Every structure is written in C-alpha cells, then in structure tokens.
Amino acid sequence: MSHLGLRARKGIADTLCYVVLILLSILWVFPIVWVVLTSFRAEGGSFVTNFIPKTFTLQNYVNLFADTSVFSFGQWFANTAFVAVCSCLLTTFITVSTAFVMSRMRFRLRKPMMKLALILGMFPAFMSMIAVYFVLKSVGLTQSLLALILVYSAGGGLSFYITKGFFDTIPRAVDEAARIDGATNSQIFFRIILPLSKPIIVYTVLTTFMAPWMDFIFAKVIMGDNYSKYTVAIGLYTMLNREFIDQYFTRFAAGAVCIAVPITILFIALQKYYVEGVTGGAVKG
C-alpha cells in the first residue's frame, strides 16, 4: 500500500508540474500570438475589444515598407541588419580570441584579469552609457552606425567565460601534439581549436546577432535625433508616440513580427549547435 501510495503521490506531483508548465507557457505565448494577430488586423486603432481580428489583411505589412511619408521602416531594418552583422562578426572574433588566450595560455596576470572581467561583467551596461556617449562625441562618432558597432563590439572581451569553458573541455594534448609538429599558437587557434568549437561559435554568433535588434537605450542615446540612422527598436518606439499610435499601431505590430523573422530563421537553422554550445562546457579556472 505504501508503495502504491508513493506512486500515486508522485503521479499527482507530476500532474501539478505539467499544469503549472502549461499555464506558464500560455502566459508566455499569449503576447506573441496577440502581436501576430494584430499585425494582420484590418480594423484601425490601438485598442479593440476583440482578441481575434474581425477582418484579416496583409496591407499592414505592405504599408510598413511602402509608405515612407512618415516612417522609413525599410531603412531602419537595413540599418539594424548592417549593425547586427558587423558587430556579430567583430564580437565573435574578440570573444573567441580572448577565450582562447585565457584557456590555453598561462601568464602572470591571467587570473587577476579573469577576476576583473568577471567583476566588471556584473555591472549593468547602462551605467557607462553617459561616459560612452561623451567619449564618442569627443571623437565625432555620435549619431552614426559605426558608433553602434563599436559599442556593441567593445564588450566582447568581457563575455568570454562561457566560450572559455567550452575551450577547456578540448584536451590540451591536441595542442601539444600540434606544437611537436611545429604549429604556432595562431595555427593551433585557426586550424584546430576553431574547427572543434563550432557549437560555441554558433552560440556566440546568435547571442551577438540578436543584441542590436533588441537594444533601445544605447541606440537612442547615441543616435539622438538622426532619423535616417535609427534602428528598428527606436523606430518602432516612435510609432507608439501619442500622435502616431492610433494610426500606426497595426503597422507597429507588423514591424515587431518582421524583427523576429531573421532571428527566428537563424535560430532554427543553428538550433542544434546552439544547444550544444550552451551545454557543452563548464567554466574552469
């Protein structure tokens, strides 16, 4: 009886866990479904009483790109894509290079530098926002896409811990064998370590590619009122201003869906490597 009672209690606990997870998933999916449905809504206005649109249309997507009389979403999308690709390549190279040095090389200041990077990484990025703005202003780089690329890429050297943990799982015997054959550190890095580290590289690419699409604070501070250099985050926020929200709300929803498309496609295509990159290594000293 006690065994049956234990199994019954375990079954009830499992059922409660499933119920909680289902409720949480509904809460998470609900806003996404609402935004997608709103992007196809033919009725105007920012607020309606019905969850499912009475009439569906693709005109919101057409107007989003075709109507540039007030908002140039196509230009914003192109700006963000350019910044995302450039900062993704730079950040990935910086992060992977730093992780290789910290994982494979031994020098006197190695551990103090790792501790310093860990401490600095604990501070929110926006704490340095004003200082970064004035540094960029002093060299004449404000209100430019280059400034955004530099800002997004500059912190790559501090985010090496996960990549380093993955590199630590690669046996050092591989390096030693290559050095016996006369390989240099750069040859070991490019010809041995990188080919064996595809999962963590893909993980780094995905995380760095997503950042410019979602960032609003840094982009807004740096761009100011340079309308032509806006990213999608700033542009879509502008659509929600009091004078525009009623007319452009459905286009705002369409823009939000368009932002998700490149990230979703990239994530689905590289999902296998992304999961391996997250779970493949542990941080070591």
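All of the points below concern the structure found in this document. Source: prediction; values computed, not measured. (Residues numbered from 1 in each chain as written. Predicted model: local features only at pLDDT ≥ 70, side-chain atom pairs only at ≥ 80, totals over all residues. Heavy atoms only, no water.)

1. Quick notes on a nonpolar patch on the surface
A cluster of nonpolar side chains, Trp28, Val29, Phe30, Ile32, Val33, Trp34, Val36, Phe51, Ile52 and Phe56, forms an exposed patch at the surface whose accessible area comes to about 940 Å². Along the polypeptide, isoleucine 52 turns up in the loop between helix H1 (2–39) and helix H2 (59–66). (Patch = residues over 30% accessible without salt bridge, like charges linked within 9 Å, V, L, I, M, F, W, Y side chains within 5 Å. Areas by Shrake-Rupley, 256 points an atom, 1.4 Å probe, with all protein chains shown as cover. Salt bridge = Lys/Arg side-chain N within 4 Å of Asp/Glu carboxyl O. Helix = DSSP H or I, 4+ residues; strand = E, 2+ residues; numbered from the N terminus.)

2. Regarding the packing of aromatic side chains
Under the definition given, this model contains 20 aromatic pairs. Between the aromatic rings of phenylalanine 160 and tyrosine 161, the centroid separation amounts to 4.8 Å while the plane-to-plane angle is 20°, which identifies the pairing as stacked. Their ring planes at 50° and their centres at 5.7 Å tell us that tyrosine 227 and tyrosine 230 sit as a pair that is tilted. Judged by its relative accessible area of 31%, tyrosine 227 falls in the partly exposed class. Its relative accessible area of 7% is what places tyrosine 230 among the buried residues. An aromatic cluster of at least three residues, connected via ring pairs, comprises Phe71, Trp76, Tyr227, Tyr230, Phe244 and Tyr248. (Phe/Tyr/Trp six-rings, centres within 6.5 Å; stacked < 30°, edge-to-face > 60°. Buried < 20%, exposed > 50% of the residue type's maximum accessible area, 1.4 Å probe, protein only.)

3. Details of a positive patch on the surface
Together, Arg106, Lys111, Lys115, Arg172 and Arg179 give the surface a local cluster of positive charge. For the positive patch, the secondary structure elements donating two or more residues are helix H4 (110–121) and helix H8 (172–180). Tracing the chain through its elements places arginine 172 in helix H8. (Lys, Arg positive; Asp, Glu negative; His and termini not counted. Charge placed at Lys NZ, Arg CZ, Asp CG, Glu CD.)

4. A few points about the nonpolar core
Counting 33 residues, the largest nonpolar core has Phe73, Trp76, Leu148, Trp213 and Met239 as its most contacted members. Mapped by element, the contributors of at least two residues to this core are H2, helix H3 (73–104), helix H5 (129–138), helix H6 (145–154), helix H10 (198–214), helix H11 (217–223), helix H12 (232–239) and helix H13 (245–269). If we ignore the near neighbours within four places in the chain, the residues touching tryptophan 76 are Phe71, Tyr227, Tyr230, Thr231, Val232, Gly235, Leu236 and Met239. Ranked by size, the runner-up nonpolar core spans 18 residues in total, among them Val96, Met114, Phe189 and Ile200. (Core = buried A, V, L, I, M, F, W, Y, C linked by side-chain atoms within 4.5 Å. Contact = heavy atoms within 4.5 Å.)

5. Focus: the packing of H12 against H13
Taken N-terminus to C-terminus, the directions of H12 and H13 make an angle of 155°; their axes are 8 Å apart at the nearest point. In this view, H12 runs roughly antiparallel relative to H13, as classed from their interaxial angle. Crossing of H12 against H13: the hand is left-handed. Of the residues in H13, those touching H12 at Val232, Leu236 and Met239 are Ile245, Tyr248, Arg251, Phe252, Gly255, Ala256 and Ile259. (Axes fitted to C-alpha atoms, helices over the stretch in contact; angles between N-to-C directions. Parallel < 35°, antiparallel > 145°, perpendicular 65-115°, else oblique. Left-handed = near helix turned anticlockwise from the far one by under 90°.)

6. Looking at the layout of surface pockets
Roughly 1,100 Å³ of internal volume is contained in the largest pocket. Every residue lining the largest pocket is counted, 32 residues in all, and those nearest its centre are Ala125, Val151, Tyr152, Gly155 and Gly156. Of all the elements in the fold, those that place two or more residues in the lining of the largest pocket are H3, H4, H5, H6, helix H7 (161–168) and H10. By residue number, the principal contributor to the lining of the largest pocket is H10, which donates six residues. Class assignment for the residues of the lining of the largest pocket results in 19 nonpolar, 12 polar and one charged. Here the second largest pocket defines a volume of roughly 240 Å³. Along its surface, the second largest pocket is lined by Trp28, Pro31, Ile32, Val35, Val36, Ala256, Val257, Ala260, Val261 and Thr264. Of all the secondary-structure elements, those providing two or more residues to the lining of the second largest pocket are H1 and H13. Counted by class, the lining of the second largest pocket contains nine nonpolar, one polar and no charged residues. (1 Å grid on protein atoms, 1.4 Å probe; cavity = no way out; pocket = protein on both sides within 12 Å on 5 of 7 lines; lining within 4 Å. Points joined across faces, edges and corners; volume = space filled by probe spheres on them. Nonpolar A, V, L, I, M, F, W, Y, C, P; charged D, E, K, R; others polar.)

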